[in-house]
Each structure stands twice: as C-alpha cells, then as structure tokens.
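# Structural characterization, general
Residues per chain, in single letters:
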Amino acid sequence: MAAPRPARGIFTRLVRMRSALAALAVLILIALACLVGPGLTGHDADRAYPDLRQLPAGLAAQPDAAHLGPALERLAFRMRVRLEAVVRDGDTLRLTLGSDAGVDRRSLVYLPRSGLFGTPAITEERDGGRSLVVTVPIRSLHFLLGTDVQGRDLLTRCLTAGRVSLAIGLAASLVALLVGVAYGATAGFLGGVIDAAMMRFVDVLYALPFVFFVILLLVFFRPSLTLMLVAIAAVEWLDMARVVRAQTLSLRERDFVRAAQALGVGAPGIITRHIVPNTLGPVAVTATLLVPQVILLESFLSFLGLGVQEPQTSWGVLVADGARSIEAAPHMLAAPALFLIATLVALNLFGDGLADALDPQAG
Amino acid sequence: MIRFIVRRIAQSIPTLLAVITVSFFLMRLAPGGPFDLERPLAPAAMENLRRVYGLDRPLIVQFGSYLASLAHGDLGPSFSFRDMRVLDLIARGLPVSATLGGLALLLAAGLGVGLGVAAALQRGGAIDRLLGIGAALTVSLPSFVVAPLLQIAFGLSLRWLPLSGWGDGAPSHLVLPVVTLALPQVGALARLTRASLGEVLRTQPVRTMRSLGLPPMRVTRHALRGALLPVVAYLGPLAASLLTGSVVVETIFGLPGIGRYFVEGALNRDYTLVMGTVLLVAGLVIALNLLADLACAWLDPRLRVAT
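Along the backbone of chain A there are twelve helices and six strands. Taken over the C-alpha trace, chain A has a radius of gyration of 29 Å; the compact-globule value for 363 residues is 21 Å, which it surpasses by more than 25%. The dimensions of chain A, computed from C-alpha atoms along their principal axes, are 105 × 55 × 40 Å. A separation threshold of at least 6 residues defines the contact pool for chain A, and within that pool the share at least 24 residues apart is 69%.

And the structure:
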C-alpha cells in the first residue's frame, strides 16, 4: 500500500474541516432557532387547536375546507345552536344560527375561542332572536411541521423542547466538565498513592451499571430536572477525569511545571495556572463529544417517561409522543427526531473536526 | 496469570458490595412500597403481607438477611410476580437478552472492525470518506427513533418481518431488535478501529516490515494485532451493556428480557427483582471487563508483565 500523498491528506482534512464548520453553522442555527423561534411561529407552545389535531406538515393555510365543516359542527354543538346556513366569502363566513329557545349571544364567544375565527359580528336577527346571522373572519394559520395529538403546533413545540434539551445538555456537560477536570488534574498531579486511590475509585464507578441507577433514582423519587441533571452529570464525568489525568501525568514532568515548583508555587496554583490551561485541547474535544451523549441520555430518559415532565417538553418527550402515534401521523415522530438527530450529528462532527484539527498527525 | 485473575475477582467484591448496598438503601428510602395498590389494602392485610415478606423488621436486619441469602445464591422471592423467585425470572429473561445482545455484538464487531480496517488501509478512499459522516450519523441515531422507523418500514409497509414480540426466538423476530441494537455501535467501532490501526500503521516496526518487502496482507495482520487492543478494551463494557439488554429496545419490541423485568420491577417497587437485575448487570460488567483485559494481555505481551 502506498503512503498517502500529502495533497490528498490536506484535501481530506479540508473536507473534514469543512464538515466541521458546516456542523458548527448548523448548531448555531438550531440554537438560535430554539432561542428566538418560538416567538416567531405565531403560536404558543401550549396553544391547542382541538379542531386541527395531527395535521400533516405543510405550507397550506389552516383551517382548510376539510377541517372547517367538522370544526363548525363541533362549535355549533357547544353553542347549542343549529347551523342553518354556511356561506363562505373569501376570508369571512356568513353563518345562520338557529335555536328554538333563542340564540344566546354570549355563546358566540366560542367562535374566537376555538382559535380558528376572529371576532364575530351580528348582522341580522330574525324570528325574535331564534335565528341569528353572523359574519366572522376566518383566521389563516400556518403549521409548517403540522400539529400533534392535541392540535398544538409542532414546530413551536420542537423549538421550545430544543431549549430544554440543549440547556440540559450544556448544563450537565458543564458540571461533568468541572468535576472531571478538577478530579483528573488533582489525581494526575499529586500522583503516587493518592492518584492510585482516586483512579481506583473511578474504575469502581465505571463498573457500576449507572444507567440502571439513574433509572432507579428517577423511578423512586419523582422525576425532576435537577435530579436528572445531577444523575446525568454523575455518570458522565468519568471519561473527562481519565482524559485530564493522562494529560496531567505527562505535563507534570515538563520544565515549566518544574520551574513553578522550584519557585515555590503550591499545588493548587500549579494545577489551575499551569496544568489545566494546557489540557484544554483534549478537554475541549471530550466536552464537545460529551454534549451529544448527555442529550441522548436525557432524551432516552424522557422517552421512558422518567425525564422531562409535562407541561415542559424536550425532544425525547416529543419523540416518545411521535412513536406512539407513528401509524396515524408519522410527521409527529419525524419532526422532533430530525431536530434531535441533526443536533447530535452536528455535535459529533464538530467534535471529530476539533480532534483532527488539534492532532495534525491523524486525519 | 491465575494470580492476576484471582486478584481481579477479589477486587470486584467491594464493587459488588457497593452496588448491593447503594441500590438496597436507595430503594428503601424511596416513598412507596411493593404492596401499594390503586385500591389500598386493609391495614391488617398489609401488615400480614409485610410480615410474610419480612418488611416489618428493621432495615439493617433486612439487609443482613438479604446478604445471608445472597451468600447461598438465593436472590429471594419476587414481590410483584406472585409465586416466582427472582432467580426464575432472571433465568427466563437472560436467554432473551443474551441472544439479542450476542447477535448484536457479533454484527457490530464484524461490520465495525471490517469497515474500520478498510478505511484505515485506504486513507481518503471511498469507505474512509463515507465513514467520516456515516460514523457520526449512526452514533447519533437514537435507538428509540430507529426502532419505530424500522417497525414502520419492514413491519407495516413491506410486511417482511413481525412488528414485535419474541416468537420463541424465531429468527424473523430477532432481525429488527438486533439491527437496532447493533447500528450505533457499528459506527463507534469502525471509528475506533480506523484511528487505532491508522496509528499503528505509522509506527516504526510496520515501516520496517514494509521496507523488508513483506506482503501487504501479512503487514496488515501484524499491525492489526496491536491495533485491536483499544477495540477489545471497548468491547468489554459494550458486551456487558448489549448482553444485559437495552431497556428501550426491549420495551419497544415487547421482548421479555432483563431490561423489561428491571423497569417493571422498578415501577412496581419489586425490591428483590430490581436488586437481582442490578446485581446481574454489575456482575456481567465486571466479568466481561476482566475478559477484555485478559484478551488484551493475550494480544500484547507487554501487558502481561505489568500484571
């Protein structure tokens, strides 16, 4: 086998770096969308349109002709009136409502409350109030990714869910990062018996079936965000501790550390000023690859019903909802799954690219 | 070598004890009990039940008697499955989980290592470039997304394979769960193999072998021996997690494996069943890690001296 030509090596690395940059762009896009998006979709995450359940994804304005009839039937039933005539004129409806006991005007409030119509105006009253002609504007709603079982806008829900998923991913990773770096650097720098004991403890923790413990914790105590954060961070700091310790072991013998020691700098000073800054490269890579793991674990727990609880939502919760109604409405699985997978792929690609960029030998 | 094994087994005893202690007291501290039904039992009946199962004694006494029966190899009676011992339940669930996990491990290791080697030998080749994106993709595909998609595609639309269920281990029932379990690991293993073999191929001994004119296949074989070390070390914990069953895969496909028993046990406050499954998983993790270490020592003579 011929050794790879340098040009090709550079080309490959360029491609990989480009994929890493694309991944970063996707990540920023998703984060921005989750941050500001829910305010721009025109729907509240909790706003349910009972007449527009499980709409497929699409650009068409709602309610369309197919949904208007059933929606009016349902509203008429609620208002205890008969629908005597329905005439559609562009964006307005002319409804003739009838009731033997007289149409109660207060019941007109049901029309705007459904979310599908604007404020109704009475144009004509017949038979001494037993019949009422009402014009009401039809609202034009857009559900780009469709709606869920309760008729909530899926795009808005995916974006607000993303806030929770990303926040948990970042927060738990940050905790794991801090604990892991502090632990690993201390063990590696102090060395000897302390190092052996500290790393033996990590080995013991590795052998524990942690996912089972997390599930136990969340089943037995009421699932809460804090508990889940703590549980996830408790699982995920081990890799970081190992990486940092390995780095520290080699850094400890370097001249600048020796020099600092000779100058009388104490162990905490050396660890924070000289060791930790020099481990940042591998730490950054490990941390980038940690975030998708945390998000995956969070959505796994939420999928099992042990993680984020209603009314809050996360991608795992939405995927679980989607998986339950996959036959009737496959878009309910597809939409949150795409958000989740895109985020995870982007994070993994970015982490890989970062690792390659920091290690010119591999690539 | 034997001394090494004995020492490792002795070292694992504190770990197992920690697992037992933590899970035992964690469960007892939690609110709720195994006999909390939707319609509360009469206090007298509850009292009787608690006495029969020994739950009325002080916690520490219960813990002692659990340890004592454990020493006899008895995991106790199940609280939620009437008239069943935990051992019987595990004997029922383990073959299911082990079959799935074993097949998934074979599939993942075969495909993953194969692809990784191909990518490392042809740096920048088609497989290598495909792996860059493909590995990140398979690693990022959550099993709870893959499983319903596979069910829709092969179970509902094409009707090639059954949707769910165990079917007494019929091969057609195994395909979808095994693929779901193996898929994320194929990418991880391929990436690991590629990185590790790529590193070994750049070392001095390999260059020397090449310059001496050894056929490429023989060089690769020699290099592979060293390159497989991190892969084998990774396979240990991976095997443990696959063999003890993925909770999600067993739930989605409705398979009566260990993971299902664990979740049901936890939801029903079935103390002994949960303890039994956790203990089994911990034991398997330790045993398979030991196995992986032994395999590493066999692959790399330097590690034998250190042990």
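With that settled, the discussion passes to the overall build of chain B. For chain B, the helix and strand inventory stands at 13 helices and zero strands. Mapped in sequence order, the helices and strands of chain B form the string α-α-α-α-α-α-α-α-α-α-α-α-α. Across its three principal directions, the C-alpha atoms of chain B cover 85 × 55 × 30 Å. Looking at chain B as a whole, 39% of its 307 residues qualify as buried. The long-range fraction of contacts in chain B, counting pairs at least 24 apart against all pairs at least 6 apart in sequence, stands at 74%.

So, about the interface of chain A and chain B. Chain A puts 37 residues into the contact, and the matching count from chain B is 39 residues. Considered class by class, the residues forming the side of chain A that touches chain B number 29 nonpolar, four polar and four charged.

The next thing to look at is the sheet that holds strand β2 (residues 82-89) of chain A. Residues and elements named next belong to chain A. Taken in spatial order, the four strands make up an open sheet running β2-β3-β5-β4, and their pairing is antiparallel. The sheet is open, and its two edges are formed by β2 and β4 (121-126), each paired on a single side. The sheet shows a mean angle of 15 degrees between the axes of neighbouring strands, direction not considered.

In this section: the pairing of β4 of chain A. Residue and element names in this part refer to chain A. Here β4 lies mainly on the outside; zero of its six residues are buried. The pairing of β4 with strand β5 (residues 131-137) spans five bridges and is classified as antiparallel. Residue pairing across strands places glutamate 124 opposite valine 133, the latter belonging to β5. In this antiparallel pair of consecutive strands, β4 and β5, the connection spans four residues, and aspartate 127 shows a positive phi of 50 degrees.

This part covers helix α2 (residues 65-79) of chain A. All names here are of chain A. Between its first and last C-alpha, α2 extends 21 Å over 15 residues, near the 21 Å set by a 1.5 Å rise per residue. Of all the positions in α2, only Ala71, Leu72, Leu75 and Ala76 are classed as buried. Down the axis of α2, the buried set is contained in an arc of 135 degrees. They therefore lie on one face. Residues of α2 that are exposed and point more than 90 degrees away from the buried face comprise Ala66, Gly69, Pro70, Glu73 and Phe77. Where the residues of α2 are buried, they touch β2 and α3 (110-113). Directly beyond the C-terminal end of α2, a positive phi value near 55 degrees is found at arginine 80.

Let us look at the confidence of the model for chain A. Residue and element names in this part refer to chain A. Averaged over all residues, the pLDDT of chain A is 77; the fraction at 70 or higher stands at 91%. At the low end of the mean pLDDT range in chain A sits strand β1 (residues 61-62), at 70; at the high end sits helix α4 (residues 154-190), at 86. Across residues 1-5, where pLDDT falls below 50, the model places five contacts with residues more than four positions away in sequence or in other chains.

Here we come to the environment of arginine 129 of chain B. All names here are of chain B. Looking at where arginine 129 falls in the secondary structure, it is placed in helix α5 (residues 126-140). With 17 C-beta atoms counted inside 10 Å, the residue arginine 129 sits in the partly exposed group. Sequence-wise, arginine 129 and isoleucine 286 are 157 residues apart; in three dimensions their C-alpha atoms are separated by 36 Å.

Moving on, we come to the packing of helix α4 (residues 86-121) of chain B against helix α7 (residues 171-201) of chain B. Residues and elements named next belong to chain B. Put simply, α4 and α7 touch, their axes get as near as 6 Å, and they point 35 degrees apart. With respect to the hand of their crossing, α4 and α7 are arranged in right-handed fashion. Each residue belonging to the contact of α4 with α7 can be placed in one class, and the counts come to 23 nonpolar, six polar and two charged.

Regular strands have side chains that alternate between both faces of the sheet. Alignment of strand β3 (residues 92-98) of chain A against β5 of chain A, held across seven bridges, turns out to be antiparallel. The residue bridging leucine 97 of chain A from the neighbouring strand is leucine 132 of chain A, located in β5 of chain A.

Here the focus is the nonpolar core. Formed by 155 residues in total, the largest nonpolar core has its most connected members in Cys158, Ile215 and Val319 of chain A together with Phe144 and Val274 of chain B. Per-element accounting of this core gives the leading share, 16 residues, to α4 of chain A. Those residues within four positions of phenylalanine 144 of chain B in sequence are excluded, and the remaining contacts are Phe300, Phe303, Val319 and Ala323 of chain A together with Val248 and Ile252 of chain B. Leu75, Ala76, Val81 and Leu132 of chain A belong to the second-largest nonpolar core, a separate cluster that totals 16 residues.

About the cut-offs
- Throughout this document, residue positions are counted from 1 along each chain, in the order its sequence is written.
- Numbering of ligands from 1 and lettering of chains from A proceed in the order in which they are written.
- It should be noted that, the model being predicted, local features are given only for residues of pLDDT at least 70 and side-chain atom pairs only at 80 or more, the latter also being counted only at that level, while totals for whole chains, interfaces and linings use all residues.
- Strands are runs of DSSP state E lasting at least 2 residues, helices are runs of H or I lasting at least 4, and numbering of each runs from the N terminus.
- Our radius of gyration is a C-alpha quantity, and the globule rule it is checked against amounts to 2.2 Å times the number of residues to the power 0.38.
- Distance between backbone-placed C-beta atoms decides contact: two residues are in contact if it is within 7 Å.
- Exposed residues have 12 or fewer other C-beta atoms within 10 Å of their own C-beta, buried residues have 20 or more, and residues in between are partly exposed; the C-beta atoms are placed from the backbone.
- The residue classification treats Ala, Val, Leu, Ile, Met, Phe, Trp, Tyr, Cys and Pro as nonpolar and Asp, Glu, Lys and Arg as charged. All others, Gly included, are polar.
- For two strands to be treated as a pair, DSSP must find at least two bridges joining them.
- The axes used here are C-alpha line fits, helices contributing only the stretch in contact, and every angle between their N-to-C directions lies in the interval 0 to 180 degrees.
- One fewer than the residue count of a helix, multiplied by 1.5 Å, yields its expected span.
- It is the directions from the helix axis to the C-beta atoms that the arc portrays.
- One confidence number per residue, pLDDT, is output by the predictor and ranges from 0 to 100.
- By convention the crossing between two helices is left-handed if the near helix lies anticlockwise of the far one by an angle smaller than a right angle, and right-handed if it lies clockwise.
- Nonpolar core, as used here: buried Ala, Val, Leu, Ile, Met, Phe, Trp, Tyr and Cys residues forming one set through C-beta atoms within 7 Å.

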